[in-house]
Amino acid sequence: MRISVIGTGYVGLVTGATLADLGNQVVCLDIIEEKINMLNSGKSPIFEPGLEELLQKGIKTKNLIGSTEIEQYVRNSEITFICVGTPSDENGNIDLSYIKSASSTIGRALRDKNEKHTVVVKSTVVPLTTENVVMPNILKKSGWKRENLGIGMNPEFLREGSAVDDAQNPDRIVIGHADEIARRTLNKLYESYNCVKLECIPRTAELIKYASNSFLASKISFVNEIANMSNVWGIDFQEVAEGMGLDSRISAEFLRAGAGFGGSCFPKDVKALAAAAKNSNVESLMLKATLEVNDLQPSIIVKMAEERLGVIKDKKIAILGLAFKPNTDDVRESRSEIVIAELIQKGADIIAHDPEGMANFKKILEIPMAPSAELATDKADCVIIMTEWDEYKNLDLELLLKKMNGNVLIDGRRALDANKAEKVGFDYKTIGLG
Ligand code: UGA
């Protein structure tokens, strides 16, 4: 199929590269020329394991190209995916400006087209957006009759860091369709996938996405709350999680307690769903609590350091991990940012390291950074692990302690073996370990 994808963030790029790999003719579109040039030269504009190889394969086989000529390539394709960002505004409401401008562009592109066309929203949007914003906008700008336009909503469930694998091996594909054109087109496109394909109306697809992310976020806040109880009762929460996870109704996934959830999706999506519900006069107590618990976790990490160091002022504290999770350079809503800001406010002398996230973090907070974990932790009074990168899990703890000034080790992600750390001589503290 001839596919155009608007937006070259991680969703657009992974979607485009995966569909090209299936033999479709894909054009990834963006207004940012620099990103398109990178893409066409076989370089991924973002760090995502396996993505660059897939992009290069697509370019080599000529199944994939990038372009800034959005209208032209939309017109020449049969199906257009909208993969633009949907950030939060200051009140947590979803900001639909990119969605609106993408649908206007599509509308303009379709003006001179005589064949049928399907537009599919992949961006995460609050219920009714596809039907009440995207579709009318396209019809208005194109002057098309409704019966020629296919309208679909096909949410993504891609985790940063494993997005390529998630796209190639999904648990399920949700096919939201407002008409027969979109239903047929999407079923044909995903024909080769063996997973469950769930068909529904667009607003259901939109809510499936929000409900899934919000449920996972709530699960994390729930386990963090239980882990905080475990802390004071001398209970190892990891054993509790194991016991809970053995119940197939609960599942062992997403039971890792720690500094809380970050990233470009969970915090934004939980806020957007709560705000959308409130705008429709439904109060969401669960979503509110999920966010409140999450906001609390970074302070617990700071408190752990404070209790051990006595005073934070002028103490050299090394932060290991700036990315919101391992295997990504994404630092959006990273819990490290909150921990670092609190520590700086208390007068700490901060130095940080991250294998991939330092360049991005510099754009949000200017702090001293070291090129390696070894250099960051040298002469530190306290080390705080904020992202469970393998590199940190495999730290030589004896060497680390020898080079440090103090012996306080706070593990915000339960990345290390507590017994080992204590045996080496660390004053080790983590969330959920009694
Ligand atoms: C999330 C969802 O998992 C994807 O299914 C979804 O498609 C994506 O959002 C999106 O909406 O685009 P992502 O944000 O990339 O993916 O990362 P996750 O692996 O879900 O982790 C999110 C946060 O939760 C991270 O900060 C992670 O450290 C934290 N987390 C995760 C925990 O604290 N405990 C856990 O047990 C699992």
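Thresholds applied
Residues numbered from 1 in each chain as written. Predicted model: local features only at pLDDT ≥ 70, side-chain atom pairs only at ≥ 80, totals over all residues. Heavy atoms only, no water. Pairing = 2+ DSSP bridges. Helix = DSSP H or I, 4+ residues; strand = E, 2+ residues; numbered from the N terminus. Axes fitted to C-alpha atoms, helices over the stretch in contact; angles between N-to-C directions. Contact = heavy atoms within 4.5 Å. Buried < 20%, exposed > 50% of the residue type's maximum accessible area, 1.4 Å probe, protein only. Lys, Arg positive; Asp, Glu negative; His and termini not counted. Salt bridge = Lys/Arg side-chain N within 4 Å of Asp/Glu carboxyl O. Polar contact = N/O pair within 3.5 Å; in protein donor to acceptor, adjacent residues only side chain to side chain. Near = heavy atom within 4 Å. Nonpolar A, V, L, I, M, F, W, Y, C, P; charged D, E, K, R; others polar.

J.: Would you mind going over the sheet that holds strand S4 (residues 79-82) with me for this structure?
T.: Strand pairing in a sheet takes place through backbone hydrogen bonds and is either antiparallel or parallel in direction. The sheet built from 8 strands is open, its strands ordered S3-S2-S1-S4-S5-S6-S7-S8 with mixed pairing. The strands lining the two open edges of the sheet, one partner per strand, are strand S3 (64-67) and strand S8 (196-200). Sheet twist, expressed as the mean angle between neighbouring strand axes with direction ignored, is 25 degrees. Note: strand S1 (residues 2-6) against strand S2 (residues 25-29), 5 bridges, orientation parallel. Residue isoleucine 3 lies in a different strand from S2, and its bridge partner there is valine 26. Each of S4, strand S5 (117-121) and strand S6 (149-153) touches helix H6 (residues 129-142); the most contacted strand, S6, lies at about 150 degrees to it. Helix H9 (residues 202-233) contacts S6, strand S7 (172-177) and S8 of the sheet and is inclined by roughly 145 degrees relative to S7.

J.: Sorry, what's going on with the side chain of glutamate 48 here?
T.: In this fold, glutamate 48 is placed in the loop between helix H2 (33-40) and helix H3 (51-60). No salt bridge forms around the buried glutamate 48; measuring N to O, its nearest opposite-charge neighbour lysine 325 is 7.3 Å away. Engagement of the side chain of glutamate 48 in a polar contact is seen with the backbone nitrogen of glycine 161, the distance being 2.7 Å. The residues touching glutamate 48, leaving out its near neighbours within four places in the chain, are Tyr10, Val14, Arg159, Glu160, Gly161, Ser162, Ala163 and Val164.

J.: Teacher, can you tell me more about the pattern of salt bridges here?
T.: As a working rule, side chains carrying opposite charge can pair if their charged atoms are close by. Applying the stated criterion to the full structure yields 26 salt bridges. We note a salt bridge from arginine 75 to glutamate 71, for which the minimum N-O separation is 4.0 Å. Of the two residues, arginine 75 and glutamate 71 both sit in helix H4 (residues 70-76), 4 residues apart, roughly one turn of that helix. Judged by its relative accessible area of 26%, arginine 75 falls in the partly exposed class. In this structure, the salt-bridge partner of arginine 256 is glutamate 388, at a minimum N-O distance of 2.9 Å. Highlighted residues: arginine 256 in the loop between helix H10 (237-245) and helix H11 (266-279) and glutamate 388 in the loop between strand S11 (382-385) and helix H16 (390-393), separated in sequence by 132 residues. Put simply, Glu180, Arg183, Arg184 and Glu199 are held in one network by salt bridges that share partners.

J.: Sorry if this is basic, but what is going on with the site of the ligand here?
T.: Taken together, 21 residues sit near the ligand, with Glu156, Glu160, Lys209, Asn213 and Lys325 positioned nearest. Glutamate 156 has a polar side-chain atom sitting 2.8 Å from an oxygen atom of the ligand. The contact in question runs from an oxygen atom of the ligand to an N or O atom on the backbone of arginine 256, over 2.9 Å. When residues of the shell around the ligand are traced back to their parent elements, those giving at least two are H9 and H11. Per-element tally for the shell around the ligand: the top contributor is H9, with 3 residues. Considered class by class, the residues forming the shell around the ligand number 10 nonpolar, 3 polar and 8 charged.

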